[in-house]
Amino acid sequence: MAIWLVRAGSHGEYEQKFIHEGRVYVTWDELNLDLSKLQQRGELNAEMTQRYPEAKPKAVLNWVSQVWPFAHEMQKGDLVVLPLKTQPAVYIGEITGDYHAEKAGPNPFFHWRTVKWIGEAIPRMHFGKDLLFSFGAFLTICRIQRNNAEQRIAAMRATGWKAEALAAPAKAAAATTTDVEAADTDLDELARDQIAALVSARFKGHGLTRLVEGILKAQGYTTYRSPEGADGGADILAGSGPLGFFRATSVRGGEVRGFADWPRAGGQAAGSHDQVQR
């Protein structure tokens, strides 16, 4: 069982298509040919060179190294890791179908495989730092092999995708640079993971509540934090404006309970009331 990283667009623009259709796609523009008909990588190199004449030879070689395995190396039963750009979570799917080509498109969805999503919206914090480093490879498609990734992900699958009990140090991942997945790393994504890990470690329980209050104050809100209760919860009421109640939000038990314009006739707050889990 191999583990493959597949991205749904550089900004996550194809994530919902991948998830709802139960497919993963190659998303290179204008690559409308049947990859299964090609016998050698050199043939794909020639096709991509023709389609992208302004690309440098090294860039084309890099693209070939990503696209070729999708048709010729991925197998049924392999797992696909889809890191989301729209939320700090990861989808994991099992490949259930062979490679398919549809030269009629639409562009850029000429190549696809069916998958069964076996892990949905798994929090990134459930994975060790070294695995997250691999997930941050600045490539669209690559195989993840370092740091015993296949066995560790299989173990997480067996526990229902609970957090890993032991995370390997991030430095171990950084030391290896020969794998294709380590060619480049999405530093923005890596930094967010490290910040989230630090916040989680330093601010637990009421400490997180105090941190949230401090951030709200720094953003110009007037806040009120209730005394810490016996049930482990603490509430924050925050609002902006001259009297502190132009836009109000409440934080209860570590959850931010939306923002609303205040007040509306009848004592009701206008606006949205979305709830965001911490």
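Structural notes, computed from the coordinates. All values derive from a computational prediction rather than experimental measurement.

Basis of the calculations
Residues numbered from 1 in each chain as written. Predicted model: local features only at pLDDT ≥ 70, side-chain atom pairs only at ≥ 80, totals over all residues. Heavy atoms only, no water. Helix = DSSP H or I, 4+ residues; strand = E, 2+ residues; numbered from the N terminus. Buried < 20%, exposed > 50% of the residue type's maximum accessible area, 1.4 Å probe, protein only. Contact = heavy atoms within 4.5 Å. Polar contact = N/O pair within 3.5 Å; in protein donor to acceptor, adjacent residues only side chain to side chain. Phe/Tyr/Trp six-rings, centres within 6.5 Å; stacked < 30°, edge-to-face > 60°. Lys NZ or Arg CZ within 6 Å of the ring centre and 35° of its normal.

Moving on: the environment of aspartate 78. Relative to the helices and strands, aspartate 78 resides in the loop between α3 (57–72) and β3 (79–83). Judged by its relative accessible area of 7%, aspartate 78 falls in the buried class. It is 4.9 Å that separates the C-alpha atoms of aspartate 78 and methionine 1, two residues lying 77 residues apart in sequence. The residues contacting aspartate 78, other than those within four sequence positions of it, are Met1, Ala2, Trp4, Glu73, Gly93, Glu94 and Ile95. In this structure the side chain of aspartate 78 is engaged in a polar contact, spanning 3.1 Å, whose partner is the side chain of tryptophan 4. A polar atom in the side chain of aspartate 78 sits 3.0 Å from the backbone nitrogen of glutamine 75.

This part covers the packing of aromatic side chains. Within the structure shown, the criterion is met by seven aromatic pairs. Seen in terms of ring centroids, tyrosine 91 and tryptophan 117 are 5.7 Å apart; in terms of plane orientation they differ by 90°. Their pairing is edge-to-face. Highlighted residues: tyrosine 91 in strand β4 (residues 89–95) and tryptophan 117 in strand β6 (residues 111–123), separated in sequence by 26 residues. One aromatic cluster is present, built from ring pairs that chain together Tyr14, Phe18, Tyr25 and Phe109. Above the face of the tryptophan 112 ring, arginine 23 is positioned so that its terminal group lies 3.5 Å from the ring centre. Above the plane of the ring of phenylalanine 70 lies arginine 113, whose end atom (NZ or CZ) is 6.0 Å from the centre.

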